[in-house]
Amino acid sequence: MMAAMRPVIIAANWKMNTTPADAGELAATIAGRIREPAVVRVICPPFVCLAAVGAALADEEIGVGAQDVHHEVAGAYTGDTSAAMLQGLASWVIIGHSERRRDHGETDERISGKLRRAVEAGLRPILCVGEVLDDREAGRAVAVVDGQLHGALAGHLPADLQAAGLVIAYEPVWAIGTGRNASGADAAAMAEAVRSSIAAIGWGAAAADVPVLYGGSVTAANIGEFLAEPSIDGALVGGASLKPDEIAGIVARAGLTANARLVETAAT
Ligand code: 13P
């Protein structure tokens, strides 16, 4: 399938940064710098900043996303956030980020439950997968990511996840926050492997339509290396997404690819 059919997506993961007092101003500043309608743009602030960011982006075509959602509908889960609580605050949600797998013991089974809650609530999921350095050095990167995808997706009807607009973010753990990004070619090979795994999980040819983002030390300076790869559909950006100049450069570069894909699609 032609990459031209897939959207280009730049999602900002603000992680545990900003406060309700300053998040709206940062979102407004960034919004003014990323007006590139051909690119699907999403900002994922902390839960407590969702309302402020949503208000700041009310007149912008920029999605707002949460960074997690609980795997149960409701109940005695102190400190957690359900899909229902996100209604009106977020339309996207990051699920299975490696920092949550690491710090909150999130298993593939839990992550599968989170996906179910997101789908039920109409939240568009960005499912994160990626290997640690030992796995990459041992040649196990594809196997690890394949296992994560099976664990998260196999219990779901492909049609449900397709309707929800599932996005995969390939984020090698060793590249997150380290300044050591994967090469464009390695990330592209993993994006292809992701689609092969999803095809084998029961999606068949529909796997070719799944957007796959790269994440891990993405900057305005290196985004071009990833977007030069037809199998990569954008980026999930951490640290650089808090810096207006950086995210502006990233979205501007993504606009070139997004507009080229639109032209390609129109020509076919
Ligand atoms: P950095 O861009 O800071 O490496 O973070 C990547 C990430 O984890 C995005 O979800």
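Residues numbered from 1 in each chain as written. Predicted model: local features only at pLDDT ≥ 70, side-chain atom pairs only at ≥ 80, totals over all residues. Heavy atoms only, no water.

Visitor: Hey, could you run me through the pairing of strand β4 (residues 92–95) in this one?
Guide: Remark: a regular strand shows side chains that alternate across the two faces of the sheet. Of the two faces of β4, the one carrying Trp92 and Ile94 and the one carrying Val93 and Ile95 are both buried. Taken together, the two bridges between strand β3 (residues 63–66) and β4 define a ladder with parallel strand orientation. Paired with Gly65 across the two strands is Trp92, which belongs to β4. As defined by bridge partners, β4 adjoins strand β5 (residues 124–129) across four bridges and the pair is classed as parallel. Bridge pairing in β5 places Ile94 opposite Ile126. (Buried < 20%, exposed > 50% of the residue type's maximum accessible area, 1.4 Å probe, protein only. Helix = DSSP H or I, 4+ residues; strand = E, 2+ residues; numbered from the N terminus. Pairing = 2+ DSSP bridges.)

Visitor: What should I look at first to understand the packing of aromatic side chains in this one?
Guide: One pair of aromatic rings is described through two measures. These are the centre distance and the angle between the planes. A full pass over the atoms with the stated rule returns two aromatic pairs. Geometrically, the ring pair formed by Tyr170 and Tyr214 is tilted, given 6.4 Å between the ring centres and 55 degrees between the ring planes. Here Tyr214 lies in strand β7 (residues 212–215) and Tyr170 lies in strand β6 (residues 167–170), a separation of 44 residues in the sequence. Overall, the relative accessible area of 2% leaves Tyr214 in the buried class. For the pair Tyr214 and Phe226, a centre-to-centre distance of 4.1 Å together with 10 degrees between the ring planes defines the contact as stacked. (Phe/Tyr/Trp six-rings, centres within 6.5 Å; stacked < 30°, edge-to-face > 60°.)

Visitor: Any chance you could explain the nonpolar core here in plain terms?
Guide: Within soluble globular proteins, side chains that are nonpolar tend to cluster in buried spots. One finds Ile10, Leu127, Leu149, Leu153 and Ile168 to be the most contacted residues of the largest nonpolar core, which totals 68 residues. Ranked by residues supplied to this core, first place goes to helix α8 (residues 184–203) with eight residues. Residues contacting Ile10, with those up to four places away along its chain left out, are Val39, Val40, Arg41, Val42, Ile223, Gly234, Ala235, Val237, Ile247, Ile250, Val251 and Ala254. The next biggest cluster of nonpolar side chains, apart from the first, holds twelve residues, and it includes Ala11, Ile126, Ala169 and Leu213. (Core = buried A, V, L, I, M, F, W, Y, C linked by side-chain atoms within 4.5 Å. Contact = heavy atoms within 4.5 Å.)

Visitor: Teacher, can you tell me more about the packing of helix α4 (residues 108–121) against helix α6 (residues 141–153) here?
Guide: The relative placement of two packed helices is expressed as an angle between their axes plus a distance between the axes. Between α4 and α6, whose axes approach to 7 Å, the crossing angle comes to 50 degrees. Compared by their axis directions, α4 and α6 come out oblique. Judged by the twist between their axes, the crossing of α4 over α6 is right-handed. Of the residues in α6, those in contact with Asp108, Ile111, Ser112 and Leu115 of α4 are Gly147, Gln148, Gly151, Ala152 and Leu153. A class-by-class count of the residues in the contact of α4 with α6 yields four nonpolar, four polar and one charged. (Axes fitted to C-alpha atoms, helices over the stretch in contact; angles between N-to-C directions. Parallel < 35°, antiparallel > 145°, perpendicular 65-115°, else oblique. Left-handed = near helix turned anticlockwise from the far one by under 90°. Nonpolar A, V, L, I, M, F, W, Y, C, P; charged D, E, K, R; others polar.)

Visitor: Teacher, can you tell me more about the packing of helix α1 (residues 23–33) against helix α10 (residues 244–267) here?
Guide: Two numbers describe how α1 lies on α10: the axes approach to 9 Å, and their chain directions differ by 35 degrees. Crossing handedness for the pair α1 and α10: right-handed. Between α1 and α10, the residues in contact are Leu26, Thr29, Ile30 and Arg33 and Pro244, Asp245, Ile247 and Ala248, respectively. Within the contact of α1 with α10, the residues separate by chemical class into five nonpolar, one polar and two charged.

Visitor: What is the right way to look at the site of the ligand in this model?
Guide: Asn13, Lys15, His97, Glu171, Ala175, Ile176, Gly177, Gly216, Ser217, Leu236, Gly238 and Gly239 make up every residue found near the ligand. Residue Ser217 places a main-chain N or O atom 2.7 Å away from an oxygen atom belonging to the ligand. The backbone of Gly239 places a nitrogen or oxygen atom 2.8 Å from an oxygen atom of the ligand. The fraction of the free accessible surface of the ligand (300 Å²) that becomes covered by protein chains is 95%. Tallied by class, residues from the shell around the ligand come to three nonpolar, seven polar and two charged. (Near = heavy atom within 4 Å. Polar contact = N/O pair within 3.5 Å; in protein donor to acceptor, adjacent residues only side chain to side chain. Areas by Shrake-Rupley, 256 points an atom, 1.4 Å probe, with all protein chains shown as cover.)

Visitor: Mind showing me how you'd approach the environment of Ala56 here?
Guide: When you line up the elements, Ala56 lands in helix α2 (residues 50–56). Exposure remark for Ala56: the relative accessible area of 27% places this residue in the partly exposed category.

Visitor: Is there a simple way to explain α8 in this structure?
Guide: Note: α-helices contain 3.6 residues per turn, so residues at a spacing of three or four share the same orientation. Where α8 is concerned, the buried positions are Gly184, Ala187, Ala188, Met190, Ala191, Ala193, Val194, Arg195, Ser197, Ile198, Ile201 and Trp203. Turning to α8, the residues buried within the fold contact α5 (133–137), α6, α7 (158–164), β6, β7 and α9 (223–227). Trailing α8 by a residue or two, Gly204 shows a phi angle of about 55 degrees, which is positive.

Visitor: What is the right way to look at unusual backbone geometry in this model?
Guide: Its identity as a non-glycine residue notwithstanding, Thr18 has a phi of 80 degrees, on the positive side. Within the secondary structure layout, Thr18 lies in the loop between β1 (8–13) and α1. Despite not being glycine, Ser217 shows a phi value in the positive range, around 60 degrees. For Ser217, the position within the fold is in the loop between β7 and α9. For Ser217, a relative accessible area of 17% translates into the label buried.

Visitor: Would you mind showing me how to read the sheet that holds β3 here?
Guide: The strands making up a sheet are joined through hydrogen bonds of the backbone, oriented either antiparallel or parallel. Here eight strands make up a closed barrel; going around it, the order is β1-β2-β3-β4-β5-β6-β7-β8 and the pairing parallel. Geometrically, the sheet is characterised by an average inter-axis angle of 25 degrees between neighbouring strands, direction not taken into account. Alignment of β6 against β7, held across three bridges, turns out to be parallel. Each bridged residue has a counterpart across the sheet, and for Tyr170 the counterpart in β7 is Tyr214. Its contacts with the sheet put α4 on β4 and β5, and the angle it makes with β4 is roughly 175 degrees.

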